[in-house]
Structures are given as structure tokens and as C-alpha cells.
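Listed below are the residues making up each chain.
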Amino acid sequence: MTADAGSTHHGQVEVPESMRRFGRWQQHGEEGRKWLEDLPRVISASCDRWGLVVDGPPMHGYNSLAVPVRRGDELLVVKATWPDEQVAEQVLALRLWHGRGAVRLVDADVVAGLLLMERLDSTQNLRMRPLDEAVPTIGRLLRSLAVEPPVGLRTTGGIAARHRRELPSHWEELGRPMPRRVLDRGLELAEELSTDDYSLLVNNDLHYEQVLRRADGSWSVIDPLIVSGVLEFQTAPLVWTRFDELGSGGVRWCVDALADAAELDRDRAHRWALLRTIEYWLWGLKAGFTEDPVRCGRIVEALM
């Protein structure tokens, strides 16, 4: 997230100009513009309701605005995000975790898209730590967040089944950008992995920049998106997001290190990493990405 001066002593928050120019709210047209204009009033009302004082300039990413606040000596943050079903899922997950391995949720207004949480150190994330520290750390967090899931979530098996249905047409539409043997291996894996029949809560948006330092020096996950199924599903993004440091020679080490730290099945971790990288290769090409598909090709080569 980026910081931007814009709050006053009295608890009124100004939306940073950089957030006005760029953000998820833009996908929602006039409704999104109204939401953005209403944010200062909505956050001010929440501060009054929760007994908070604004304690610093707001920060923002693509999806949300984070406002440092305090209540007495307690340092907190109000996160305001577009109020959709993802807010309810985040609140559900954070309540299930109770601050164990994830940021502690203090209160929430799901309808308004507001979460009141403990304040973490946004200047310290696992992306900044060396691989031999970051990879085992995030693997242990992956395991610590693996609680019994609520009913009704998307499943990792269902996602694999969707890949089985969709990969061939995407491959054809994009001009067959990868060798047929790679596509065939992806289809074989999707068929196998669609039958995984045990279920845990899986953070589908776990990556190194989403893990911040607590005041006590421990690490905590923020901004979860959840599915239910197998933890091995989440190994692929943890390779993608550090591949430039890992290089092709480090891919298998990374998957194995994640598997060991998270108490996963190494073989299943490799299979999920390969399937999801093949799918992301095609998705990235369809989205117009240039660098990520090249990385995916190198990761696939290392895992095949």
C-alpha cells in the first residue's frame, strides 16, 4: 500500500488523489464514483461509532483504503473496501482464525465494506525477507490457517474440474501458445486433482506482500480470499511471486520447502503447482500480460 497525506486532526479522512485516479472502484461506473465520494463520511461515521481517532495519513492499494486509527492506547486500522461478497468472506475467515497467523479483526460493518483491525507494520512484509526465511515462514502460516471451512465456498477440486473443461478451448483461442504435451499434462492433472475429497480452509490470496510484521515480531496474513479444499492448491502463487529470485533451478526447492513447512504432500504440491501455472500461463496471455506468461513457461519447464 502507498501512504498519502490526507487526514485531519478531527477524524475526517480525505481520499488520496492517487486512489481517485486508479482502483477497483472504477469497475463499477457511477456507483463506484459515488462510493468513493462517500468514503470520508462513511469512515468518519464509523470512527464516531467505534470511538476512534484518526492517527495518521491513509494508505491504499488497488482494492482498499486503510486509515490508521487509535482507541485510547490501542493502535488499529480501518480498512474500507468495495462492499461485495469478498468482504463477508474476509470477515468470516478472520473470525475463524481469531488472530492466529492472521491480522486480528476487532469489528466489522460488512454492508459498508469496513473492517476494524489491529495495526500491523505495513513497512515490513515477507517479500522483503530472503527466500530461505520467507518460504518456510509462509509455509508455516499456510498450515496455521488451515481450519475447518464453512459450507458453501468454492472448492479446489471444483476449480480443477473447471480447468479440465476450459483449458482446451483457451489453448485453441490463443493460437496454441504452448506445446500440446504441456496442455495434455495439464488436462491429466486437472482430472486427477478434481477428485481431492478432503477439505480445509485455504487462503486463495496468500503471497509474500500480504504477510506483515506484528509488534511482537511475528508475521500475520492480511486480506484473505478463501476457498475450501487442499493446501497444496496454494503453492503455485508462492513460486510465481518470487520466481525472479528463485530462477528455474530454485522452483523445485521452493515447492518442496513450502510442502515441508506446511506439512503437505510433496508430490501433490508439485502437481498443483504445475496445473495452476499452466492455467495461469493461458490466463495471463488472455489478459494481455507479457512477462508473466514467459515466467510461467520457465516454471512449467522446471516442473515437467
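In what follows, the accompanying structure is described. (Residues numbered from 1 in each chain as written. Predicted model: local features only at pLDDT ≥ 70, side-chain atom pairs only at ≥ 80, totals over all residues. Heavy atoms only, no water.)

**Thoughts on the packing of helix H6 (residues 180-193) against helix H10 (residues 266-286)**
So, step 1. One can describe the packing of H6 onto H10 by two numbers: an axis separation of 9 Å at closest approach and a directional angle of 125°. Compared by their axis directions, H6 and H10 come out oblique. Like other packed secondary-structure pairs, H6 and H10 cross with a definite hand, here left-handed. Listed contacts from H10 to Val 182, Arg 185, Gly 186, Leu 189, Ala 190, Glu 192 and Leu 193 of H6 are Arg 268, Arg 271, Trp 272, Leu 274, Leu 275, Ile 278 and Trp 281.
So, step 2. Class assignment of the residues belonging to the contact of H6 with H10 gives a composition of 9 nonpolar, 1 polar and 4 charged. (Axes fitted to C-alpha atoms, helices over the stretch in contact; angles between N-to-C directions. Helix = DSSP H or I, 4+ residues; strand = E, 2+ residues; numbered from the N terminus. Parallel < 35°, antiparallel > 145°, perpendicular 65-115°, else oblique. Left-handed = near helix turned anticlockwise from the far one by under 90°. Contact = heavy atoms within 4.5 Å. Nonpolar A, V, L, I, M, F, W, Y, C, P; charged D, E, K, R; others polar.)

**Details of H6**
So, step 1. Relative to the 20 Å expected for 14 residues at 1.5 Å per residue, H6 spans 20 Å between its end C-alpha atoms, a close match to the ideal helical length.
So, step 2. When we look at burial in H6, the residues that qualify are Val 182, Leu 183, Gly 186, Leu 187, Leu 189, Ala 190 and Leu 193. Looking straight down H6, one finds its buried side chains confined to an arc of 165°; they lie on one side. (Expected span 1.5 Å × (residues − 1). Buried < 20%, exposed > 50% of the residue type's maximum accessible area, 1.4 Å probe, protein only. Arc of directions from axis to C-beta.)

**A word on the environment of Val 251**
So, step 1. In this fold, Val 251 is placed in helix H9 (residues 251-261).
So, step 2. Sequence separation between Val 251 and Ala 236 is 15 residues, and the spatial gap between their C-alpha atoms is 9.8 Å.
So, step 3. Once you skip the residues sitting within four places of it in the chain, Val 251 turns out to touch Val 239, Phe 243, Ile 299, Ala 302 and Leu 303.

**Describing the packing of aromatic side chains**
So, step 1. In total, this model carries 4 aromatic pairs according to the counting rule given.
So, step 2. Measuring from ring centre to ring centre gives 5.2 Å for Phe 233 and Trp 272, while their planes differ by 80°; the resulting arrangement is edge-to-face. Here Trp 272 lies in helix H10 and Phe 233 lies in the loop between strand E12 (226-229) and helix H7 (235-240), a separation of 39 residues in the sequence. Accessibility assignment for this pair places Phe 233 and Trp 272 in one class, buried. (Phe/Tyr/Trp six-rings, centres within 6.5 Å; stacked < 30°, edge-to-face > 60°.)

**Some words on helix H5 (residues 156-173)**
So, step 1. With 18 residues, H5 ought to run about 26 Å at 1.5 Å a step, and its terminal C-alpha atoms sit 25 Å apart, in line with that.
So, step 2. Helix geometry: H5 is bent most strongly at Glu 166, by close to 40°, with proline Pro 168 lying one to four residues after it.
So, step 3. Residues of H5 that are buried: Thr 156, Gly 157, Ile 159, Ala 160, His 163, Leu 167, His 170 and Trp 171.
So, step 4. Packed against the buried residues of H5 are H6, E12 and H10.
So, step 5. One or two residues past the end of H5 sits Gly 175, with phi positive at roughly 80°. (Bend = angle between axes of the 7 residues up to and from the residue.)

Geometric values such as these leave the question of function open.
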